[in-house]
Amino acid sequence: MKPVYPNVFKDESVIDDYHGTKISDPYRWLEDPDSEQTKSFVEAQNQITEPFLKSCVHKDVINKRLTELWNYPRYGCPKKHGSRYFIYINSGLQNQSVLYMLDDLNAEPKVFLDPNTLSEDGTISLYSSAFSENGEYFAYGLSESGSDWIKIKFRDVSSGTDLSEVLDKCKFTGIAWTHDHKGIFYARYNVYESKSDGTETSANEHHKLYYHRLGTPQTEDVLCVEFLDHPKWRIGAEVSECGRYVILSIREGCKDNLLYFSDIGSLPNGIQGKLQLTPIVENFDSEYEYVTSEGSIITLRTNKGTPHYSLINIDLTKPDPNNWVVLIGEDSKDVLEWADCARGDLLIVCYNHDVKHVLRVHDLKSGKQLGELSLDPGTVVGYSGKKKNHEIFYHFSSFLSPGTIYRCD
């Protein structure tokens with residue numbers, strides 16, 4: 001029987017005037033997910049959709065075959081934190097991959113964090129995470145029901161037990177540890193009494209950067225950065241390789257960012273209040289991504305004047321654009337997708353060349369290409385390495401290979 005679509009209310013009174021042009025918006029009432037009218041509309045839609053899907057004679061066959069195809073073990077790249085290795089493994093049909101810990105690469109993996117056990121109905125997911133520089137602490141953000149609002153918790157790596165403090169109502173935030181292993185930078189909005197479960201429709205404004213010290217309540221966190229004149233700016237923070245600088249990436253939309261930095265290593269009493277910021281980039285005209293640093297010189301990936309991207313060096317003691325130095329220039333054909341540092345003096349640079357990835361090795365100081373890691377046609381879907389470590393891991397996949405993880409020393 002042909003389904004009968006329910007009548008949908010049209011509010012003809014909602015009309016916007018854009019520079020003299022009147023635009024009707026009769027279904028704006030659907031933007032309120034909590035109204036009884038919207039709930040009734042959704043229920044009416046479900047009463048049409050669900051019987052149709054249940055009546056499909058091919059549904060069980062398709063589901064069975066897709067389950068068979070999806071049911072195989074999957075592995076992430078091993079990552080070294082402190083003296084231990086960590087790797088995400090999915091046995092096949094787990095909703096979320098499990099984080100395992102290994103004392104060395106030949107050791108038996110031990111479960112470190114299983115996100116599948118965080119809730120009975122599977123609605124809590126691992127949103128983000130970061131290990132302290134010495135690998136002894138693990139900060140991880142949890143999202144409920146797919147919300148962008150997260151809670152950040154902390155775990156002692158040696159014992160595997162969580163610390164008591166929880167950072168609540170965080171949003172659009174990374175996790176950046178200071179190199180004394182005592183705390184993290186994270187971002188959040190003002191705490192309002194309105195909802196923060198992901199179904200709210202009001203805009204969030206005035207993103208702020210805070211510093212949290214381990215062992216203290218969230219109420220004692222230090223407000224480090226805010227931009228009161230720019231309520232829509234979002235703040236991301238990253239601590240430099242040496243631990244002396246915090247690099248701030250500021251965004252307002254989905255592309256282009258500003259850059260600021262603060263010399264936290266020069267603070268005589270540590271982080272006690274708002275940070276003194278020095279601008280590097282003050283216009284939303286290009287993308288800038290932190291790669292690594294050597295003392296006061298930071299290396300960035302950017303498309304400033306180079307649509308295929310390049311790597312540049314900026315000395316934070318003289319950050320004026322006139323002093324910027326090109327480390328690896330733009331390739332005329334290949335797109336520089338990402339770069340990372342290894343062994344203290346090497347850059348691993350990934351290019352998209354003729355719709356396949358290539359990994360090139362460059363000298364960190366001169367930018368000169370030293371070689372290339374052999375790859376078949378395909379994609380590098382995972383990578384791990386650190387400037388202070390001598391080994392890297394990369395995960396290769398293609399139409400002919402479901403995935404191979406390589407270790408390079």
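Before any of the text, the structure's been laid out above.
Model, not experiment: these values are computed from the prediction.

Q: Could you clarify how one ought to interpret unusual backbone geometry in this entry?
A: What you tend to see is this: most non-glycine residues have negative phi, and most peptide bonds are trans. Not every positive phi belongs to a glycine, and His-19 is a case in point at roughly 55°. Considering the arrangement of structural elements, one finds His-19 in the loop between strand 1 (15–18) and strand 2 (21–24). For Asp-354, which is not glycine, the phi torsion reads 50° and is therefore positive. Within the element layout of this structure, Asp-354 appears in the loop between strand 25 (346–353) and strand 26 (356–363). For Asp-354, a relative accessible area of 44% puts it in the partly exposed group.

Q: Would you take a moment to explain the sheet that holds strand 29 (residues 392–398) for this structure?
A: Two pairing modes exist for strands in a sheet, parallel and antiparallel, and in both the strands are linked by backbone hydrogen bonds. Read across the open sheet, the 3 strands follow the order 28-29-30; overall the sheet is antiparallel. Among the strands making up the open sheet, the edge pair consists of strand 28 (379–384) and strand 30 (401–408). Ignoring strand direction, the axes of neighbouring strands in this sheet form an average angle of 20°. Two strands pair when backbone bridges link them, and strand 28 and strand 29 are joined in this way by 5 bridges, in the antiparallel orientation. What sits directly across from Gly-382, in strand 29, is His-395.

Q: I would appreciate a short explanation of the sheet that holds strand 19 (residues 278–281) in the present structure.
A: The sheet built from 4 strands is open, its strands ordered 16-17-18-19 with antiparallel pairing. Strands with a single pairing partner mark the edges of an open sheet, and in this sheet they are strand 16 (234–239) and strand 19. Averaged over all neighbouring strand pairs, the angle between strand axes comes to 25°, with direction disregarded. Both strand 16 and strand 17 (residues 245–251) contribute to a ladder of 6 bridges, which runs antiparallel. Its bridge partner lying in strand 17, Val-239 is registered against Val-246.

Q: How do you make sense of the side chain of Ser-296 when you look at a structure like this?
A: Structurally, the position occupied by Ser-296 is in the loop between strand 20 (288–294) and strand 21 (297–302). Contacts of Ser-296, omitting those with residues within four sequence positions, involve Tyr-245, Ile-314, Asp-315, Leu-316 and Thr-317.

Q: Sorry if this is basic, but what is going on with the side chain of His-395 here?
A: Position of His-395 relative to the elements: it lies in strand 29. His-395 has contacts with Tyr-75, Cys-77, Thr-379, Val-380, Val-381, Gly-382, Gly-403, Thr-404 and Ile-405, leaving out every residue within four places of it along the chain.

Q: For this particular structure, what's the right way to read the environment of Asp-11?
A: Secondary-structure assignment places Asp-11 in the segment before strand 1. Sequence separation between Asp-11 and Pro-26 is 15 residues, and the spatial gap between their C-alpha atoms is 4.4 Å. The contact partners of Asp-11, leaving out residues within four places of it in the chain, are Asp-25, Pro-26 and Trp-29. Side chain to side chain, Asp-11 and Ser-13 meet in a polar contact 2.5 Å long.

Conventions adopted
- The written sequence of each chain sets the order in which its residues are numbered from 1.
- Note on the predicted model: pLDDT of at least 70 is required for a residue's local features to be given, and 80 or more for side-chain atom pairs to be given and counted; whole-chain, interface and lining totals, by contrast, use all residues.
- The side-chain figures draw on all heavy atoms in the structure; neither hydrogens nor water molecules are used.
- Secondary structure is summarised from DSSP: a helix means a run of H or I of at least four residues, a strand means a run of E of at least two, and numbering begins at the N terminus for each.
- Residue exposure (1.4 Å probe, protein chains only): buried if accessible area is under 20% of the type maximum, exposed if over 50%, otherwise partly exposed.
- When DSSP finds two or more bridges between two strands, those strands count as paired.
- Axis angles are defined between N-to-C directions and span 0 to 180 degrees, where every axis is a line fitted to C-alpha atoms and, for a helix, only to the segment in contact.
- Whether two residues are in contact is decided by their heavy atoms: any pair within 4.5 Å suffices.
- A 3.5 Å cut-off defines polar contacts: any pair of N or O atoms within that distance qualifies, except that in protein one atom must be a possible hydrogen donor and the other a possible acceptor, and neighbouring residues in sequence count only when both atoms are side-chain atoms.

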